[in-house]
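Structural description and commentary
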Amino acid sequence: MSRLVFTFLLLLGTIRLAGQIGHGGTPLMLEDSELLDVGYDKKEEVVKMPPPPASVLSSPQSAKKEGRPLRFAHPNFVEFTPDNSGKKTVLNDGRLLWRLRLSSPGAYSLNVIFDKFHLARGDSLFIYDPGGQVVIGALTHENNKSWGGLATAPVPGDELIVEWRGQNSGRQGSQLMIGAVNHDYLNVFRYLSSKAGNFGDSDNCHTDLSCYSDDAKLQNGQSVCRIIMEGTELCSGNLINNTRNDGTPYFLTAAHCLKSNLATETAVFLFNFQVPACQENIEGSMVQSISGGDITAFADELDFALLEMSSYPPLHYRPYYAGWDLTTSPGAGVYTVHHPQGDVKKVSVSDGIPTETTFNASSVFGNSFESNSHWLVSEWMEGTTEAGSSGAGLFLD
């Protein structure tokens, strides 16, 4: 029986409120008819972001340090609201339509963080690419967060559209302010790469999760999510079960994936970013996500973080809650399912016995790690770990 070693923090061998769940519907931009009735001009002005600093673009490899989150995006801090940007139109039914088209030339994908996000009941918001190939939403009042903001999943390409429909904005209705537009410079959504199955930059020694016939690996792999922190960094982690078996969405990851307590509020958990049925030229889901969470337990000196997602994953996400134990003597045969370099789910396998070790380095907050608090995997038979693998669990075969 496979199980997750609870005391493990991935440095391997070297080391409640609703979430971002869409509620159906279609952006008005993609429907056309009512926009034509009110004489809407789709060729509205595009708001262009400044390019990332040359130092970021000239040395992207500096973002790929093992034992640290994978930094993939550069933030542009803004204050965009329906009152100071984009275009507002009165629709035939008296509601308002606000559309803001954002461009960051050269970006492989864009994501936004709302510093203010409060939708009135009956209002809706979509985020999508100009071609309508990837649509996030509709977001509704059920997506409102206790902290008052919202982080979103990336949309491929260097342009995206934010579309809100509602009765009023500001004090009398929905309150919206985009605080950051994040420019992906590493290409976390690489389409149809010449290296089959490698949509990102992970090493070609990895095997895609869905290429395994082992039911335990496939099932445990469903507990793995790619997590985006503050719109700019990537890690891995696992949904884990609890002793009450009540489905509370606890998520185990590495403490060094969190730069602050606020990081959990802007966290985005992405499910099913994996190639389906070993079809190496199909990337899998990009928008099955939950936004935000809370810290349940945190130990920087153990590199351990247990989060609770802001909402329960819906059944169509096919979530799986991994089991765990407190073993101090794991047997031979371990594996991890992870997102190396932010890539689709990969599997790394070892037939050795993990050993306790002391990681002689400082934590992300400058603390020394506790002695013998990590498991050492001395050699992988298949795959390896890279930046972006941080936080993934170690399963016993």
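Refer to the structure presented above.
Residues numbered from 1 in each chain as written. Predicted model: local features only at pLDDT ≥ 70, side-chain atom pairs only at ≥ 80, totals over all residues. Heavy atoms only, no water.

**A look at the overall build of the chain**
Along the backbone of the chain there are three helices and 27 strands. Of all 397 residues assigned to the chain, the portion counted as buried reaches 57%. As presented, the chain carries roughly 15,800 Å² of accessible surface, and 49% of it is formed by carbon and sulfur atoms. (Helix = DSSP H or I, 4+ residues; strand = E, 2+ residues; numbered from the N terminus. Buried < 20%, exposed > 50% of the residue type's maximum accessible area, 1.4 Å probe, protein only. Areas by Shrake-Rupley, 256 points an atom, 1.4 Å probe, with all protein chains shown as cover.)

**Remarks on the state of the cysteines**
Enumeration according to the criterion identifies two disulfides in this entry. Across the disulfide from Cys235 sits Cys257; the S-S distance is 2.1 Å. Taking the torsion about the S-S bond as the criterion, the Cys235 to Cys257 disulfide, at about -95°, is left-handed. You can see Cys235 sitting in strand E16 (residues 233–240) and its partner Cys257 sitting in the loop between strand E17 (250–253) and strand E18 (268–270), a full 22 residues away along the chain. Judged by its relative accessible area of 1%, Cys257 falls in the buried class. The connectivity of the disulfide bonds within the chain can be written as 1-4, 2-3, using the sequence rank of each bonded cysteine. (Disulfide = S-S within 2.5 Å.)

**Considering the pairing of strand E13 (residues 175–184)**
Burial runs high along E13: nine of the ten residues are buried. Alignment of strand E4 (residues 73–80) against E13, held across six bridges, turns out to be antiparallel. Among the inter-strand pairings, Asn76 is bridged to a residue of E13, identified as Val181. One ladder, built from eight bridges, connects strand E7 (residues 109–118) with E13; its direction is antiparallel. Note on E13: the bridge partner recorded for Lys116 is Met177. (Pairing = 2+ DSSP bridges.)

**As for the packing of aromatic side chains**
According to the stated counting rule, one finds five aromatic pairs in the structure shown. Plain terms: the ring middles of Phe271 and Tyr317 are 5.1 Å apart, the flat faces sit at 45° to each other, and that makes the pair tilted. Note that Phe271 is positioned in the loop between E18 and strand E19 (289–291) and Tyr317 in the loop between strand E21 (304–309) and strand E22 (324–325), a separation of 46 residues in sequence. The class for Tyr317 is buried, based on a relative accessible area of 3%. Ring geometry for Tyr335 against Phe395: centres 5.4 Å apart, planes inclined by 20°, an arrangement best described as stacked. Taken as a pair, Tyr335 in strand E23 (residues 334–338) and Phe395 in strand E27 (residues 395–396) lie far apart in primary sequence, 60 residues in all. Accessibility expressed as a relative area gives 0% for Tyr335, which makes it buried. Judged by its relative accessible area of 0%, Phe395 falls in the buried class. (Phe/Tyr/Trp six-rings, centres within 6.5 Å; stacked < 30°, edge-to-face > 60°.)

**Examining the pairing of E16**
Counting buried residues in E16 gives eight out of eight residues, a clear majority hidden from the surface. Sheet topology note: the strand E3 (residues 70–71)/E16 ladder contains two bridges and is antiparallel. When the bridges of E16 are listed, Arg71 appears paired with Glu233. Across six bridges, the pairing between strand E15 (residues 224–229) and E16 is antiparallel. Note that in E16 the partner of Met229 across the bridge is Glu233. Counted between consecutive antiparallel strands, the loop separating E15 from E16 contains three residues, among which Glu230 sits at a positive phi close to 55°.

**Some points on the pattern of salt bridges**
By the definition in use, this model includes ten salt bridges. Across the pair Glu163 and Arg165 runs a salt bridge, and its minimum N-O distance is 3.9 Å. For Glu163, a relative accessible area of 0% gives the class buried. On the basis of relative accessible area, Arg165 is assigned to the buried category, the value being 10%. Measuring nitrogen to oxygen at the nearest pair gives 3.3 Å for the salt bridge that ties Lys217 to Asp397. Within this pair, whereas Lys217 is found in helix H3 (residues 215–221), its partner Asp397 is found in the segment after E27, the two being separated by 180 residues in sequence. The class for Lys217 is buried, based on a relative accessible area of 6%. By relative accessible area, Asp397 is classed as partly exposed at 46%. Salt bridges sharing common partners tie together Arg99, Glu163 and Arg165. (Salt bridge = Lys/Arg side-chain N within 4 Å of Asp/Glu carboxyl O.)

**Re the side chain of Thr253**
You can see Thr253 is positioned in strand E17. With relative accessibility at 3%, the residue Thr253 sits in the buried group. At 2.8 Å, the side chain of Thr253 and the backbone oxygen of Ser236 are in polar contact. Apart from the residues lying within four places of it in its own chain, the contact partners of Thr253 are Cys235, Ser236, Gly237, Leu258, Asp303, Phe304, Ala305, Leu307, Ser390 and Gly391. (Polar contact = N/O pair within 3.5 Å; in protein donor to acceptor, adjacent residues only side chain to side chain. Contact = heavy atoms within 4.5 Å.)

**Describing the nonpolar core**
Within the largest apolar cluster, 40 residues are counted, with the highest numbers of intra-cluster contacts made by Leu102, Phe114, Leu125, Ile127, Val162, Ile178 and Val181. The element contributing the most residues to this core is E7, with five residues. The contacts of Leu102, once residues within four sequence positions are left out, are Val46, Val47, Met49, Phe80, Leu110, Val112, Asp158, Glu159, Leu160, Ile178 and Val181. In this structure, Ile227, Cys235, Ala254 and Cys257 belong to the second largest nonpolar core, which totals 19 residues. (Core = buried A, V, L, I, M, F, W, Y, C linked by side-chain atoms within 4.5 Å.)

**A word on the environment of Val224**
Looking at the element boundaries, Val224 is found in strand E15. The class for Val224 is buried, based on a relative accessible area of 0%. It is 6.9 Å that separates the C-alpha atoms of Val224 and His338, two residues lying 114 residues apart in sequence. When neighbours within four sequence positions are excluded, Val224 is seen to be in contact with Gly237, Asn238, Val337, His338, His339 and Lys345.

Any functional reading would require information beyond the geometric quantities listed.
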